[in-house]
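Next come the chains, spelled out residue by residue.
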Amino acid sequence: MDETGQQCAECLGPVSVAVHTQHGVSLCPQCAEQFYRPCASCGGLIPQDEAVLRDGALCCVQCAAAPVSEDDTPALSEDALAVLVAEFIQLHTEVKQLNDRLDAIKEQLKRHAASQPRIANAMLLRTGEDAVKCGYSVRVSYNTEKLVAVEAILGTEHFTALFARKITFSAVKESLETFLASEAADTAAARAAILAAAERTEIATVTPVTAKRKTGTSGTPPVPSAARPQP
């Protein structure tokens, strides 16, 4: 709180001791206590009607949208990290080679099975005690626009007895982030409802990083242009 002669943004009355919101707006202590709450994550003062409930605590929109971090996850020592990184890179290379070979073998077996007679949509490839089963199935999808025409012909009641309607929503990331970060009072309820509807799952991926080779640092030194043999 600062000594100031500013005006309270809520009651518009003069204040000698101002309380500042998360974004620097000045309030009198009475309005701050009545209409605002501190964010449980960042501590910033936010309007209580814009606060979002997260894990039982009130948070601002930005903190509620941030992924949850595992603060109690123990860190590895440098030696343990080096061992795991080296083993991961080695195993990643081996797995890729095995998967590539496995895919190539699958394709060869599929081509062979296609030349043989099927029994109940399956082909058993047997050599001695070893056997591989090649099964066949058909997946059917329907064009949405064409089914709309079918619904117009049959009517909604008959159509819904034949097809289940599924509705999905994909966020337009940039527009949604801008909307959630806004402070417009007329959309506060919508922002809170969107955050309540969101189900966040953090996905971690681990991939090897190929080191960049510096020019002239490989095992074989570069040959000067004057010494290179001419064709």
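Here goes a summary of the coordinates provided. Since the structure is predicted, the reported quantities are computational estimates derived from the model, not experimental observations. (Residues numbered from 1 in each chain as written. Predicted model: local features only at pLDDT ≥ 70, side-chain atom pairs only at ≥ 80, totals over all residues. Heavy atoms only, no water.)

### Focus: the nonpolar core
1) Next: By size, the foremost hydrophobic cluster in this structure holds 11 residues: Cys39, Ile46, Ala51, Val52, Cys59, Cys60, Val61, Cys63, Ala64, Leu180 and Leu195.
2) Next: Looking at this core element by element, the count peaks at three residues for helix α2 (residues 61–65).
3) Next: Those residues in contact with Cys39 that sit more than four places away from it in its chain are Gly44, Ile46, Leu58, Cys59, Cys60 and Cys63.
4) Next: Residues Val15, Leu27, Cys31 and Tyr36 belong to the second largest nonpolar core, which totals 10 residues. (Core = buried A, V, L, I, M, F, W, Y, C linked by side-chain atoms within 4.5 Å. Buried < 20%, exposed > 50% of the residue type's maximum accessible area, 1.4 Å probe, protein only. Helix = DSSP H or I, 4+ residues; strand = E, 2+ residues; numbered from the N terminus. Contact = heavy atoms within 4.5 Å.)

### Overview of helix α7 (residues 188–197)
Helical periodicity: at 3.6 residues per turn, an α-helix aligns residues three or four positions apart in one direction.
1) Next: Those residues of α7 lying buried are Ala188, Arg191 and Leu195. The buried residues of α7 occupy one face: seen down the axis, they fall within an arc of 65°. Counted as exposed and oriented over 90 degrees from the buried face of α7: Ala189, Ala196 and Ala197.
2) Next: Tucked into the core, α7 has its buried residues touching β6 (52–54), α2 and α6 (173–181). (Arc of directions from axis to C-beta.)

### Looking at the environment of Val25
1) Next: With respect to the element layout, Val25 can be found in the loop between β2 (17–20) and β3 (26–27).
2) Next: Residue class for Val25 comes out partly exposed when judged on its relative accessible area of 32%.
3) Next: Expressed as a C-alpha distance, the spacing of Val25 and Gln7, which sit 18 residues apart in the sequence, is 9.7 Å.
4) Next: Apart from the residues within four sequence positions on either side, Val25 is in contact with Ala9, Val19 and His20.

### What to know about the pairing of β2
1) Next: Across two bridges, the pairing between β2 and β3 is antiparallel. Residue pairing for β3: His20 is matched across the bridge by Ser26.
2) Next: Between β2 and β3, which pair antiparallel in sequence order, lie five residues; one of them, Gly24, sits at a positive phi of approximately 85°. (Pairing = 2+ DSSP bridges.)

### Quick word on the packing of α6 against α7
1) Next: Two elements in contact, α6 and α7, have axes separated by 9 Å at closest approach and are oriented at 125°. Accordingly, the angle class assigned to the pair α6 and α7 is oblique. Of the two elements, α6 crosses α7, and the hand of that crossing is left-handed. Across the interface between the two elements, Leu176, Phe179 and Leu180 of α6 pack against Ala190, Arg191, Ile194 and Leu195 of α7.
2) Next: Its residues assigned to classes, the contact of α6 with α7 shows six nonpolar, no polar and one charged. (Axes fitted to C-alpha atoms, helices over the stretch in contact; angles between N-to-C directions. Parallel < 35°, antiparallel > 145°, perpendicular 65-115°, else oblique. Left-handed = near helix turned anticlockwise from the far one by under 90°. Nonpolar A, V, L, I, M, F, W, Y, C, P; charged D, E, K, R; others polar.)

### Here we look at unusual backbone geometry
1) Next: In this structure, Leu12 takes a positive phi of about 65° despite not being glycine.
2) Next: Relative to the assigned elements, Leu12 resides in the loop between β1 (2–3) and β2.
3) Next: Of note in the backbone geometry, Asn121 takes a positive phi value of approximately 55° without being a glycine.
4) Next: Among the secondary structure elements, Asn121 is positioned in the loop between α3 (78–114) and β8 (122–127).

### Looking at the pattern of salt bridges
Once their charged atoms are close, side chains differing in charge can pair, the charge on each being opposite to the other.
1) Next: One pass over the structure, following the stated rule, counts four salt bridges.
2) Next: The residue Glu50 makes a salt bridge to Arg191 at a minimum N-O spacing of 3.4 Å. Separated by 141 residues along the polypeptide, Glu50 in the loop between β5 (45–47) and β6 and Arg191 in helix α7 bring together distant segments of the chain. In this structure, Glu50 and Arg191 share a single accessibility class: buried.
3) Next: The salt bridge involving Lys110 is made with Glu107; its shortest N-O contact spans 3.7 Å. (Salt bridge = Lys/Arg side-chain N within 4 Å of Asp/Glu carboxyl O.)

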